[in-house]
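# Notes for the structure review
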Protein chains: 2
Amino acid sequence: MQSVPSQAIRPLSLNASLSSSRLPFFSFSLPIFHKFKINPSIYNKSQKFPLFLTLRCCSSGSVTAKPSSELRRNRDVQEHDERVVALRRLFSKPGIGIDAYIIPSQDAHQSEFIAECYMRRAYISGFTGSAGTAVVTKDKSALWTDGRYFLQAEKQLSSSWILMRAGSLGVPTTSEWLNDVLSPGGRFLFSHDAAKELKEAISKKNLELVYLYDLNLVDEIWKESRPKPPNNPIRVHDMKYAGLDVASKLSSLRAELVGTGASAIVISMLDEVAWLLNLRGSDVPHSPVMYAYLIVEVDGAKLFVDNSKVTKEVMDHLKNASVELRPYHSILSEIKRLAAQGAQLWLDTSSVNAAIVGTYKSALDKYRSNHGSKGKIKNKRYDESNGLSEGPSGVYMRSPISLAKALKNPAELEGMQNCHLRDAAALAQFWCWLEEEIHNNVELKEVDVADKLLEFRAKKEGFLDTSFDTISGSGANGAIIHYRAERGSCSVVDPNKLFLLDSGAQYIDGTTDITRTVHFGEPTAREKECFTRVLKGHIALDQAVFPENTPGFVLDAFARASLWKIGLDYRHGTGHGVGAALNVHEGPQSISYRYGNTTPLQKGMIVSNEPGYYEDHAFGIRIENLLHVQEINTPNRYGGIEYLGFEKLTFFPIQAKLIDISLISNDEIEWLNNYHSQVWEKVSPLVEGSARQWLWNNTRVIHKQ
Amino acid sequence: MQSVPSQAIRPLSLNASLSSSRLPFFSFSLPIFHKFKINPSIYNKSQKFPLFLTLRCCSSGSVTAKPSSELRRNRDVQEHDERVVALRRLFSKPGIGIDAYIIPSQDAHQSEFIAECYMRRAYISGFTGSAGTAVVTKDKSALWTDGRYFLQAEKQLSSSWILMRAGSLGVPTTSEWLNDVLSPGGRFLFSHDAAKELKEAISKKNLELVYLYDLNLVDEIWKESRPKPPNNPIRVHDMKYAGLDVASKLSSLRAELVGTGASAIVISMLDEVAWLLNLRGSDVPHSPVMYAYLIVEVDGAKLFVDNSKVTKEVMDHLKNASVELRPYHSILSEIKRLAAQGAQLWLDTSSVNAAIVGTYKSALDKYRSNHGSKGKIKNKRYDESNGLSEGPSGVYMRSPISLAKALKNPAELEGMQNCHLRDAAALAQFWCWLEEEIHNNVELKEVDVADKLLEFRAKKEGFLDTSFDTISGSGANGAIIHYRAERGSCSVVDPNKLFLLDSGAQYIDGTTDITRTVHFGEPTAREKECFTRVLKGHIALDQAVFPENTPGFVLDAFARASLWKIGLDYRHGTGHGVGAALNVHEGPQSISYRYGNTTPLQKGMIVSNEPGYYEDHAFGIRIENLLHVQEINTPNRYGGIEYLGFEKLTFFPIQAKLIDISLISNDEIEWLNNYHSQVWEKVSPLVEGSARQWLWNNTRVIHKQ
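Positions within a chain are numbered from 1, following the residues in the order the chain's sequence is written. Just so you know, chain letters begin at A and ligand numbers begin at 1, following the order they were written in. Under the rules for a predicted model, residues below a pLDDT of 70 receive no local features and side-chain atom pairs below 80 are neither given nor counted, while totals for whole chains, interfaces and linings still include all residues. Side-chain metrics rest on all non-hydrogen atoms present in the structure, leaving aside hydrogens and water.

Condition: UniProt positions are given in the numbering used here, feature names are shortened, and annotations may be inferred rather than shown by experiment.
Looking up chain A in an unreviewed UniProt entry gives the name Xaa-Pro aminopeptidase P, with the organism given as Gossypium anomalum. Turning to chain A, the UniProt annotation filed under Cofactor (unreviewed entry) states: "Mn(2+)".

### Considering the overall build of chain A
As a reminder of what qualifies: Comment: elements are numbered from the N terminus, with helices defined as DSSP H or I runs of at least four residues and strands as E runs of at least two. Here a residue-residue contact requires only that any non-hydrogen atoms of the pair lie within 4.5 Å. The accessible surface values rely on the Shrake-Rupley method and a 1.4 Å probe; as for residues, cover is taken only from the protein chains in view.
The number of helices and strands found in chain A is 21 helices and 26 strands. Residue pairs in contact within chain A that sit at least 24 positions apart in sequence constitute 71% of those at least 6 positions apart. Looking at chain A as shown, the accessible area adds up to about 25,400 Å², and 49% of this sits on carbon and sulfur atoms.

### Some points on the packing of aromatic side chains
Cut-off, in case you're wondering: Geometry of aromatic contacts follows a simple scheme: Phe, Tyr and Trp rings, the Trp one being its six-membered ring, pair when their centres are within 6.5 Å, and the pair is stacked under 30 degrees between planes, edge-to-face over 60, tilted otherwise. Residue burial is assigned from relative accessible area. The probe radius is 1.4 Å, only protein chains are included, and a residue is buried under 20% of its type maximum, exposed over 50%, and partly exposed in between. Only when the NZ atom of a Lys or the CZ atom of an Arg is both within 6 Å of the ring centre and within 35 degrees of the ring normal do we say a charge sits over the ring.
Across all of its chains, the model carries 40 aromatic pairs over all chains by this definition. Relative to Phe 553 of chain B, the ring of Phe 553 of chain A lies with its centre 5.8 Å away and its plane at 65°, an arrangement referred to as edge-to-face. Placement of Phe 553 of chain A in helix α19 (residues 553-564) and of Phe 553 of chain B in helix α19 (residues 553-564) is noted, with the two residues assigned to different chains. Taking the centre distance of 5.8 Å and the plane angle of 75° together, the rings of Phe 127 of chain B and Tyr 149 of chain B count as edge-to-face. Placement of Phe 127 of chain B in the loop between α3 (120-125) and β4 (133-137) and of Tyr 149 of chain B in the loop between β5 (141-145) and α4 (150-156) is noted, with a sequence separation of 22 residues between them. Summarising the burial analysis for this pair, Phe 127 of chain B and Tyr 149 of chain B share the class buried. One cation-aromatic arrangement involves Lys 361 of chain A over Tyr 396 of chain A; the distance from NZ or CZ to the ring centre is 4.9 Å. It is Lys 682 of chain B that lies over the ring of Phe 651 of chain B; its NZ or CZ is 4.9 Å from the centre.

### Points about the UniProt feature "domain: Peptidase M24" (unreviewed entry) in chain A
Per the UniProt annotation, the sites labelled "domain: Peptidase M24" (unreviewed entry) are residues 414-631 of chain A. Span residues 414-631 of chain A is 32% helix and 24% strand, its end C-alpha atoms 17 Å apart.

### Quick look at helix α11 (residues 312-320) of chain A
Residue and element names in this part refer to chain A. Selection criterion: The arc in question is formed by the directions pointing from the helix axis toward the C-beta atoms.
For α11, the complete set of buried residues consists of Val 314, His 317 and Leu 318. For α11, the buried positions fall inside an angular range of 95° around the axis, keeping them on one side. Of the residues in α11, the exposed ones pointing more than 90 degrees away from the buried face are Lys 312, Lys 319 and Asn 320. Buried residues along α11 sit in contact with β7 (235-236), α9 (246-260), α10 (270-277), β9 (279-280), β11 (300-304) and β12 (323-326). Phi turns positive one or two residues past the end of α11, at Ser 322, with a value near 55°.

### Considerations on the pattern of salt bridges
Put simply, the test is: Whenever Lys or Arg places a side-chain nitrogen within 4 Å of a carboxyl oxygen from Asp or Glu, that contact is recorded as a salt bridge.
Here the structure, examined in full by the defined rule, presents 62 salt bridges over all chains. Put simply, Asp 271, Lys 405, Lys 408 and Glu 586 of chain A are held in one network by salt bridges that share partners.

### What to know about the nonpolar core
As a reminder, the rule being used: Side-chain atoms within 4.5 Å are what join buried Ala, Val, Leu, Ile, Met, Phe, Trp, Tyr and Cys residues into a set we call a nonpolar core.
Within the largest apolar cluster, 176 residues are counted, with the highest numbers of intra-cluster contacts made by Trp 431, Leu 434 and Phe 646 of chain A together with Trp 431, Leu 434 and Phe 646 of chain B. Among all residues touching Leu 434 of chain B, those that are not within four sequence positions of it are Leu 444, Val 449, Phe 499 and Phe 520 of chain B.

### A look at the sheet that holds strand β3 (residues 100-103) of chain B
Residue and element names in this part refer to chain B. We apply this condition: A pair of strands is considered paired only if DSSP assigns at least 2 bridges between the two. A fitted line through C-alpha atoms represents every axis, and for helices the fit uses only the stretch in contact; the resulting angles, taken between N-to-C directions, go from 0 to 180 degrees.
An order of β3-β4-β5-β6 is seen for the four strands of this open sheet, with the pairing classed as mixed. Because the sheet does not close on itself, it has two edges, and the strands there are β3 and β6 (161-165). Across the sheet, the mean angle separating the axes of adjacent strands is 20° when strand polarity is ignored. Pairing geometry for β5 and β6, over five bridges, is parallel. Paired with Ala 142 across the strands is Ile 162, a residue of β6. The strands that helix α5 (residues 174-181) touches are β3, β4, β5 and β6; relative to β4, the one it contacts most, it runs at about 10°.

Next up, the structure:
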């Protein structure tokens, strides 16, 4: 699946620069402490997922299932307007007294896909796109979203909302707008407390940002109609796929704790919790994770999760690894308890929510005042083990789990390889079917095609879910980078236009993500030239060899060079990390024209290779494989270091018909022929009949003239 | 000329990161206020010249002209040891009372090449390399230098010096070492005050860094034997080469002053002063500049320069542009005067020395206390023009002149083009001569070759100087990136080895910098493979097309990709900016694997394209042309922006014999044949006889097999 330019969602980014310490991204976490009504904060999510995560067209569709009739739409609009009125009524209530309220998109775990009960922004505004921030003042309501959602937001928002087209000329950021519409000296209250930058930005106009942990105004008005939190059973991720047992993972993590002088780490990223404990869940669509927090101490570990999700098997599994269970909502009291002992907590502030950070800091302040001005640690255990002479103040560093998770072990790689072949078999069946239907002049909607693909995939062993919403775009729809075909409104697949299909699946042993672009009839010279240049970029990146310690962005230009030669480009990154039977987008690596992410590509990492080209109102092209980073046995090793390159995970034909042979070099043709020969070798044993014939036809050697 | 990895000289860099705000470089400015004995500060030179400037093997040779006899060496060593003793004697003098003294390399203007009277580090230590920092404590003396100079430093330093091989494992930085050898609570005094980072680094150990403006201990002991400051007449740089008159340049600059709310700017970079005033000098080798400061106010300008350098013509030229003259040493009193008026000065702290910044800040403090606590500006002029409501506090931003100077106007480009053709004619004569001599078995030393090249160049119209010390390296010497052949010690040019020649010249109309690598006999397969891959990188960069706003580092990997494929690389950047009849190295752009410099490549900029490969103890390869950035007329303009590429300035044959045809593509052969055809067309009219024949022979079409 493709990536997206970050400027699209920068409503709050004020001094966005290109250094890693001041990233151009921004996102919010939504309150999730519905029991305690504690409101976590805005976080710079992108420090972990600089290009992909916050921008995915997410599963919010489940909230939006609206009938197309005008009547129903009007009723919806009215309902949302009433919610805003109810919200405003709370502003002036005793003990609140605020001037504005911001409602962002995310949950408290910075998840890409979120559960329905946390979709507060959709609830209040009616806008269901994956990226957006609603701001309600006493007399205005405004919604910021990016270019992908301008049309959708126009449709879904009532006329009482101002649509802020983020990134467009003259459109203010959220903080600029707040500075403008609120009179200086006003008092804000954000249900999700704001990032430092927002705080600073608005403080210039003498506006105050108030951190509030005990009240969520949206929840106040949502009440009974609010969906229940998800409650699905957790399962154990088999060792044959995980490759490393929980005890070993915890032991490595504890070594890092000791190394940094921390006595415990708080983990809130759902995929980090799942990876570390070899557990999987199904609380959100597309990502096999469960809502939970994990605290790992030097001599223990506690999982904060709803008991009802924990099966006997999971219970035993956790006991084996000496992980204790705690109620999901008791996370803050545990943080307080640890702080009261003078614990030195490792908090990755790019993912841990502000409620936790804030609770820890204020509990530490209390601890300090109880233990003298210098706050010397009285608790001998921490004092001795960490050599701390000053009091605890927290360790605020990146979570070490992100990198550990990204470096796949042999079992994880094997699972990824295997599921990619099964996925390719499903795809062969699907494309064979699709070409046949088109050939027979069957009219197919984009959404039908996506459904049929799911049908083929669902029959494959170990299939669990799609890994994101399928992007099925015919003609001009292919040029909409995050297009999502909707039943009722989507197009018919046009046999005379390019068709772009970006899809992926979650299997028990791995995660896939693949894009192919095809033409069912005769492509134009323009389409062929653009396709060929995208393919040349794809091959250049696939074939790249680079010294260790090279960040992904260094390679990004390889994928664009051929397009640049004729003045073309694409407005998204070229590669993102992919989890092993986990999130389809993960950090810390990326391959992008944005150079904020300096994480080097390392052996065992998985990245997508997905250059594209999008001609507005005409067609979209993207060619995506997943690759894993491996050492290359180069004849030299200048500098005494390793040289790295890529091994393909995805084995599926690339449509040769779309190649303009005059533009492609002998080496590139050789690459394609080699690739297709491998595709046939690896995938043909898994398909039969017409699908096998289709695979044969589409993996034949091509020649230069 | 080539660039060098920055880690080589990081003696003081503590928290070096890759963001632009915390650069991995560090250098010092040397005291130049010899009259006032004011000592300017350490500056992060590299913010302006991130890769090249501080590492050049500079002209310090003039100080070092030592006879090779052991006797003379011993006498030198003794002399330098006595200087250290004399220096230490000053430590405990009344009013000084210091524990350590640091002596860096630079002058107060952050110049690449400096005048002899400012070579204090060479004076005190005997070490004459271009990069190095001496630190003298009460009982120890240590010198930090980088890998290029380890051997030279071993030879030149007496046994009483500790040689700190910067960048080697376990070697402390200057501040680490100081923290280690000095007892906490000690008091430092640096004749050149230290950078903030040094201050912070040593403050952890409770060591104090003292800014001292009125005493330079080295000068105290140097006294009579110290060379006089250079005193050469300044000349006017003709409008036909400058392209833009001083009034226009000042007017643009003043518009920027107004835009930032500054009332004046202080310019201390010598090439910026020279460029802005269309003046040239000859105070330092290789760079046609003069020692001077310039203050440009909204309604006036003052040049601080030794009167004796100012001819009648220059005087008239300056009068025409309403630039007043002031004595060089009166800069600080003018700064004080301006501060006392509440002037808002624009100071680029990456180039302006600390004496100026410090003087301004303390004078401002005084101004503020005289004008009430808020320091409201009483001076109506500044108040109104700048809309300042608070008091002046200085504008600390990059100098706008660096970029203005980098964007060459048509006259400057024409001068560059013309002088490159004359330079190529001299090179054709030289290479024709050299091949003939080698053919006749004449034994030539590397230094003889450099001298002969100078002889040919010196005959060309408008020749002024070399633009840096020629790098003439046969065989293994070619692998020493900053090799400088020294008479008496250098090698004979071996007809059976690769020969690398990196040289350049200053002409009245422009500046050149070119590297060619040749073999006089039969190159090995290894040499050919490496040469071919360097050439492929050179061609890839030369042919690159890229969208506007692309920083140079994005293109760097194009030049390395072919070497990386077989596990090779080179440890220097690929391109640096070049001045028009000015410094051979200039910012703000660069093309490097270091990504701290995010300056986009822009139309009119000049960059070198100089990939290389260096096999230790065997050979060195580098192929360098200068290019200028220009718009490319691409058939598309995706994003509505311009796409840029390069036009060559250098036209000189690349030795075809060294190409392994099997490794090179048809497109690359076509590039070479086109290039050689242009070389013949442009340069052949300027040469005659055997040189013309040589040029003909070396520009013939080559074929694949």
